[in-house]
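Architecture and fold: a report
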Amino acid sequence: WGIIWAAFVLMTYCLVAIYWYIYKREAKTARYSYNTQRAQNFQKSRKFAKQAFLYCFFFFLSWVLVMTSNIMGHFFQTYHYIVLVVATIMYSWQGFFNCIIYLRPRYITYVEEN
């Protein structure tokens, strides 16, 4: 399970680093903007932060249940049916959640335009 936790930590670090880069760029650009109120909104960094949070959340959610069921089975020699069912569903739906998160900005843009 170390590789999963390492992937989660690396993914979180990379997404925070990208967010920080976008935030700094927006802050530098805001200095040269005529409309200071709009420039201070930091819209791109907020949008990226929402996307990154959703991606990390569903990645963590899909793996934590699988790890919980395996840890329970290993240490307590028992498997709870509900935990196994939910873990299996969440694990197999990880790609679906990634697709929804990926398409979310396009859907929001489509709704705003129409």
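Residues numbered from 1 in each chain as written. Predicted model: local features only at pLDDT ≥ 70, side-chain atom pairs only at ≥ 80, totals over all residues. Heavy atoms only, no water.

This next bit is on the overall build of the protein. In terms of helices and strands, the protein carries five helices and zero strands. Put simply, the protein runs from its N terminus to its C terminus through helices and strands in the order α-α-α-α-α. Taken against the 2.2 N^0.38 rule, which gives 13 Å for 114 residues, the C-alpha radius of gyration of the protein at 19 Å runs more than 25% over that of a compact globule. Counting only C-alpha atoms and orienting by the principal axes, one finds that the protein spans roughly 65 × 35 × 15 Å. A burial count over the protein gives 22% of its 114 residues as buried. In the protein, the share of contacts with a sequence separation of at least 24, taken over all contacts with a separation of at least 6, comes to 65%. Accessible surface, the protein: about 9000 Å² in total, of which carbon and sulfur atoms supply 68%. (Helix = DSSP H or I, 4+ residues; strand = E, 2+ residues; numbered from the N terminus. Rg over C-alpha atoms; globule rule 2.2 N^0.38 Å. Buried < 20%, exposed > 50% of the residue type's maximum accessible area, 1.4 Å probe, protein only. Contact = heavy atoms within 4.5 Å. Areas by Shrake-Rupley, 256 points an atom, 1.4 Å probe, with all protein chains shown as cover.)

By size, the foremost hydrophobic cluster in this structure holds eleven residues: Ile4, Phe8, Met11, Leu15, Ala52, Cys56, Phe59, Trp63, Val66, Met67 and Ala87. When contributions to this core are tallied by element, the ones reaching two or more residues are helix 1 (2-30) and helix 3 (43-76). Broken down by element, the residue count for this core peaks at six residues, all from helix 3. (Core = buried A, V, L, I, M, F, W, Y, C linked by side-chain atoms within 4.5 Å.)

A cluster of like positive charges, contributed by Lys24, Arg25, Lys28 and Arg31, occupies part of the molecular surface. Mapping Arg25 onto the fold places it in helix 1. The exposure class of Arg25 is partly exposed, given its relative accessible area of 45%. (Patch = residues over 30% accessible without salt bridge, like charges linked within 9 Å, V, L, I, M, F, W, Y side chains within 5 Å. Salt bridge = Lys/Arg side-chain N within 4 Å of Asp/Glu carboxyl O. Lys, Arg positive; Asp, Glu negative; His and termini not counted. Charge placed at Lys NZ, Arg CZ, Asp CG, Glu CD.)

This part is about the packing of helix 3 against helix 4 (residues 81-92). Two elements in contact, helix 3 and helix 4, have axes whose closest approach is 8 Å; the angle formed by their N-to-C orientations is 145°. For the pair helix 3 and helix 4, the sense of crossing is left-handed. Contact with helix 3, carried on its side by Leu61, Ser62, Trp63, Leu65, Val66 and Ser69, involves Val83, Leu84, Val86, Ala87, Met90 and Tyr91 of helix 4 and no other residues of that element. Split by residue class, the contact of helix 3 with helix 4 holds ten nonpolar, two polar and no charged. (Axes fitted to C-alpha atoms, helices over the stretch in contact; angles between N-to-C directions. Left-handed = near helix turned anticlockwise from the far one by under 90°. Nonpolar A, V, L, I, M, F, W, Y, C, P; charged D, E, K, R; others polar.)

Let us now look at a nonpolar patch on the surface. Nonpolar side chains collect at one region of the surface, where Tyr81, Ile82, Val85, Val86, Ile89, Trp93, Phe96 and Ile100 lie side by side and expose about 800 Å² of accessible area between them. Among the secondary structure elements, those contributing two or more residues to the nonpolar patch are helix 4 and helix 5 (94-113). Here the element with the most residues in the nonpolar patch is helix 4; it accounts for five residues. Along the chain, the position of Val85 falls in helix 4. Accessibility expressed as a relative area gives 30% for Val85, which makes it partly exposed.

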